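# A look at the structure
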Amino acid sequence: MDPSKSRVAAGDAEPGTPSPARRPRPRTADGVAARQDPRPTIAEVAFNLPLDKSFHYLIPEAMRQTLAPGMRVAAPFGPRERIGFVLKVVAESPVKELKEIRRVLDPRPVIGEEQWALASWLSTYYCCSMGEALATMVPGGLRLRAGAGPAASGTPPAVLVPDGTAAGGGGLPSASPVPTGVVMLTAHQRQALPPILEALEAKRFASILLFGVTGSGKTELYLQAIDRALRQGRSAICLIPEIALTPQTTDRFVERFGGGVAVWHSRMSARARSRDWMRMSDGACRIVVGARSAVFAPVQRLGLIIIDEEHEPTYKQEDAPRYHAREVAMARARLAGAAVVLGSATPSVESYYAAARRAGGVVTLPERIAGRGLPAAEVIDMREEMSSRRRFGPLSARLERALAQTVERGEQAMLLLNRRGFARVAQCKTCGAVERCARCSVPLVYHAGRRELVCHYCNFHEPPRELCRQCRKGYLSFRGSGTERVESELHRLFPVASIARMDRDTTARRGSHRELYEAVKTRQVNLLVGTQMIAKGFDFPQVTLVGVVSADTALNLPDFRAGERTFDLLTQMAGRAGRGERPGRVLIQTFCPGHYAIQAAKAHDYLGFYAQEIRMRRALRLPPFVHLIELTVLGSSLPRVEEAAQWLAGRLRRALARRLPAAPGKGATRAAQAGAVLLGPAPHRIPRLRRAYRVHLLLKARSVEAVTPIVRRVLAPGRKAKGLPVIVNVDPL
Ligand code: ADP
Ligand code: ZN
């Protein structure tokens, strides 16, 4: 399908700067700007496609008075119909035979002034099309009722005033904050709050890193900062990393602020989503709590964005445009003149590095509330455990004993294993062959509950065969424990205890997160086993024991962030223990007891870990000293993928050398001097996924903005290399 055959791309839809808010009005026959034309007849539409082009359509007579930029329309596109966003309305087109728009979806624009600018930034920074950027910002099933509330945007878009006062039309209803639950702040909290409030009062962009150990009272500071934003007549967004945390956090927000809180996450029904969207965009709702995509919540007069557990990888979206909510939050806050508060007990190396370079950039809460100590952590060397036991289960003798004591005392324990399923590998006892996914180059994981072998990448699943499919003689053995295996081990060891498992498999149903959360909170569950889902943010005061079944799940990945991930996960998990009156205990099982990430986590020593990590990053020229841009070529034939990747590497190397200004110096190429180095092509860590071969290139650059225009031009217009699709991942995790 080549859509440009029937509808020529709009002549002025230059990739990279497609926002009508940012560029001159379109050309017309007599040079008069289109916005002055009383009845423009042509709409320029961008679609959610990896295509740096927009398309002209005729506006049917009946729609001419009402159609405006920022509305969604349905229009014929190739053999089908697509939903797109109207970028602008114009009077003339170079294309003679235009097709007509079929339907208008929105009674008023769903894209406001600030959103135009943000979409433009998204498109530029993340190398995606304007259509992809806009589609990311507006939830799929959104239906706006006609006539309700003021328009989400004043059209046509005007220049954005940096302090955000220009955003939105109409006055905001003065929903007054509800001052309930007055809390006496601790001494540390009293020191940490003023810099945050000052940033709000300044009504200019500012970002503050709130570095506070687990249980140090960060959330209380969030609530007070939000209260201040509300009193200023502004709105606040609080991002949380994991949907599993939603009930707990929303309870605290609702308790403090009443019904003015919207909860925004991926599992809402389209109806609830549409209702909340309207409440936000008409100013009725000024507090939003939600996962990643809530960073796009259409609240008016944004004053504050909080990113709780800012180091969490869940803030990175893994589909186009592959944005990181933290970067989007920064960009949006710059546009709105808002403050950003990044909270974490284990800040990302990038955030800490950036914040520590600014005076007052880091605010610290060094202690837990009420003088509670951080739990004592012990490292269990599993190599010794292996040599001293005949039957080898996932739990060491020491962890088993500690669990038994916890159950006896009627306390609660949490066990972390960041791998779901029963067994990681199903292997033939005779020939050694491992069951693999037919579509991906990865082993299948055995799920005992479903009695199936499952691919965790493409979801392929089949019941295990009795005999090995290779030699047809041997039986399968199952190795490498997952959460299911640990759960069944717990049932065997503690038949009378109440045991629950929390991972993606047990929380697939809507409402299941809350049920599990309530069950643990009300102590119906004694032992909770789970993946990283249970490591984050839960505040269960009766949990006195935390066990890490394997600290090594991330350590062995070929990823420069392996140490950081491990440190984060262990620290966060340890933070779940001893949050109440009774002290907590943490047991960490590992085969690498000497690793600096494990040692630092045991000592609760973030700064020690950071010092080692930043030295390594600087020496190896890794983030935060450079940005990475990963380009992955996909295709069904390996030779073609390799050929395309070679072609792409050659084109990029030449373009980088040509376009980046040369710095004086000898030896290094001009591109290297300007801070851009291209590595690869090399096979991907998972060389085949969903039947597609994957070869990737890695670009290291000092500035993303300096290189993405070059990448974009080489891949234009359809983000392809020799006809094969290319995934562009800016700042990959
Ligand atoms: P964090 O977000 O840093 O993990 P929280 O804000 O959840 O910490 O605080 C931990 C616990 O301490 C919570 O139960 C919270 O209600 C309580 N808390 C926070 N601040 C105070 C305070 N100033 N006085 C008494 N209790 C507090
Ligand atoms: Zn697969």
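A quick note: this is a predicted structure, and the numbers were derived from the prediction, not measured.

## Focus on the sheet that holds strand E4 (residues 80–90)
Spatially, 5 strands are ordered E2-E1-E4-E3-E5 in an open sheet, and the strand pairing comes out antiparallel. If you trace the sheet from one side to the other, it starts and ends with strand E2 (55–58) and strand E5 (103–104), each paired once. In this structure, strand E3 (residues 72–77) lies alongside E5, joined through 2 bridges in antiparallel fashion. Along E5, the bridge assignment pairs Ala74 with Arg103.

## With respect to the site of ligand 1
Lining the immediate surroundings of ligand 1 are 16 residues, of which Met184, Gln189, Gly215, Thr219 and Arg252 lie closest. Met184 is positioned such that a nitrogen or oxygen atom in its backbone is 2.8 Å from a nitrogen atom of ligand 1. Between ligand 1 and Ser216 there is a distance of 3.1 Å, counted from an oxygen atom to a backbone nitrogen or oxygen. Isolated, ligand 1 exposes 560 Å² of accessible area, and the fraction of that covered by the protein chains is 72%. Take the shell around ligand 1: its biggest share by element is 3 residues, from helix H4 (residues 218–231).

## A few points about the pairing of strand E21 (residues 527–530)
Here is the key point about a regular strand: its side chains alternate between the two faces of the sheet. What you see with E21 is no split at all: Leu527 and Val529 on one side and Leu528 and Gly530 on the other are buried throughout. Judged from the 4 bridges that link them, strand E14 (residues 412–416) and E21 form a sheet pairing that is parallel. Bridging across to E21, Met414 finds its partner in Leu528.

## A closer look at the side chain of Arg82
With respect to the helices, strands and loops of the structure, Arg82 is situated in strand E4. Summary of buried charges: Arg82 has no salt-bridge partner, and the nearest side chain of opposite charge, Glu132, is 9.7 Å away. Excluding its chain neighbours within four sequence positions, the residues that come into contact with Arg82 are Phe47, Asn48, Leu49, Val73, Ala74, Ala75 and Phe77.

## Considering the nonpolar core
Core analysis: the biggest nonpolar cluster contains 127 residues, and Leu122, Ile237, Met414, Leu631, Leu648 and Leu652 have the highest contact counts within it. When neighbours within four sequence positions are excluded, Leu652 is seen to be in contact with Leu631, Leu678, Leu697, Ile710, Val711 and Val714. Counting 30 residues, the second largest nonpolar core, distinct from the first, contains Leu210, Ile240, Val261 and Ile306.

## Here's the deal with the sheet that holds strand E23 (residues 585–590)
Read across the sheet, 6 strands follow the order E13-E23-E22-E14-E21-E20 without closing on themselves; strand pairing throughout is parallel. Edge positions in the sheet fall to strand E13 (376–381) and strand E20 (499–502), since each of these pairs with one other strand and no more. Strand after strand, the sheet turns through a mean of 15 degrees between neighbouring axes, direction not considered. Summarising the sheet, E14 and strand E22 (residues 543–548) pair through 5 bridges and their orientation is parallel. Each bridged residue has a counterpart across the sheet, and for Leu416 the counterpart in E22 is Val548. Contacts from helix H12 (residues 512–521) reach E14, E20 and E21 within the one sheet, and its direction differs from that of E20 by about 140 degrees. Where helix H13 (residues 562–574) meets the sheet, it contacts E14, E22 and E23, and its direction lies at approximately 160 degrees from that of E22.

## Description of the coordination of the zinc ion (ligand 2)
Distances from the zinc ion (ligand 2) to its protein donors, namely Cys437 (SG), Cys440 (SG), Cys455 (SG) and Cys458 (SG), fall within the range 2.3 to 2.4 Å. Spacing between the donor residues of the zinc ion (ligand 2) along their common chain follows C-x2-C-x14-C-x2-C. Taken together, the residues span a long stretch of sequence, with Cys440 in the loop between strand E15 (423–428) and strand E16 (445–447) and Cys458 in the loop between strand E17 (452–454) and strand E18 (461–462) at a distance of 18 residues. Neither Cys440 nor Cys458 differs from the other in exposure class; each is buried.

## Looking at the layout of surface pockets
As a volume, the second largest pocket reaches approximately 880 Å³. Lining the second largest pocket are 39 residues, and of these Arg326, Glu327, Glu350, Ala354 and His627 lie nearest its centre. Where the lining of the second largest pocket is concerned, the elements lending two or more residues are helix H1 (113–126), strand E6 (206–212), helix H7 (325–336), helix H8 (349–356), H13, strand E24 (627–635) and helix H18 (704–715). In terms of residue class, the lining of the second largest pocket is built from 19 nonpolar, 7 polar and 13 charged.

## Some words on the pattern of salt bridges
Evaluation of the coordinates by the stated rule reveals 36 salt bridges. Put simply, Glu484 and Arg501 hold a salt bridge, and the shortest N to O gap is 3.9 Å. Taken together, the residues Glu484 in helix H11 (residues 483–493) and Arg501 in strand E20 connect sequence positions 17 residues apart. A relative accessible area of 9% places Glu484 in the buried class. Each of Glu435, Glu462, Arg465 and Arg469 takes part in one network of salt bridges that share partners.

Cut-off values and rules
- Positions within a chain are numbered from 1, following the residues in the order the chain's sequence is written.
- The lettering of chains begins at A and the numbering of ligands begins at 1, in the order of writing.
- pLDDT decides what is reported in this predicted model: residues at 70 or higher carry local features, side-chain atom pairs at 80 or more are listed and counted, and totals for whole chains, interfaces and linings draw on all residues regardless.
- The basis for every side-chain value is the complete set of non-hydrogen atoms in the structure, without hydrogens or water.
- Two strands make a pair as long as DSSP finds a minimum of two bridges between them.
- A run of DSSP states H or I qualifies as a helix once it reaches four residues; a run of E qualifies as a strand once it reaches two. Both are numbered from the N-terminal end.
- Here a residue counts as near a molecule or strand whenever at least one of its heavy atoms sits within 4 Å of it.
- Think of a polar contact as two N or O atoms within 3.5 Å of one another; within protein, one of them needs to be a possible hydrogen donor and the other a possible acceptor, and neighboring residues in sequence only count if both atoms come from side chains.
- Here the open area of atoms and residues is found with the Shrake-Rupley method and a 1.4 Å probe, where only the protein chains shown may cover a residue.
- Each residue is placed in one exposure class: buried if its accessible area under a 1.4 Å probe, protein chains only, is under 20% of its type's maximum, exposed if it is over 50%, and partly exposed if it falls in between.
- Counted charges follow a simple rule, with Lys and Arg positive, Asp and Glu negative, and His plus the chain ends left uncounted.
- Any Lys or Arg side-chain nitrogen located within 4 Å of an Asp or Glu carboxyl oxygen qualifies as a salt bridge.
- Should any heavy atoms of two residues lie within 4.5 Å, those residues are considered in contact.
- To define a nonpolar core, start from buried Ala, Val, Leu, Ile, Met, Phe, Trp, Tyr and Cys residues and group those joined through side-chain atoms within 4.5 Å.
- To obtain each axis, a line is fitted to C-alpha atoms, and for helices this fit is confined to the stretch in contact; angles are then taken between N-to-C directions over 0 to 180 degrees.
- Metal donors: N, O and S atoms at distances within 2.8 Å, or within 3.2 Å for Na, K and Ca, with water omitted from the atom set so that some sites may seem incomplete.
- Computed over the protein atoms alone on a 1 Å grid, cavities are sets of points where a 1.4 Å probe fits but cannot get out and pockets are open sets with protein on both sides within 12 Å along at least five of seven lines; a residue lines them when it has an atom within 4 Å of a point.
- Grid points are joined across faces, edges and corners, and a volume is the space filled by probe spheres set on the points.
- Note on residue classes: Ala, Val, Leu, Ile, Met, Phe, Trp, Tyr, Cys and Pro are nonpolar, Asp, Glu, Lys and Arg are charged, and everything else, Gly too, is polar.

In short, the description is geometric, and any link to function would need to be established separately.
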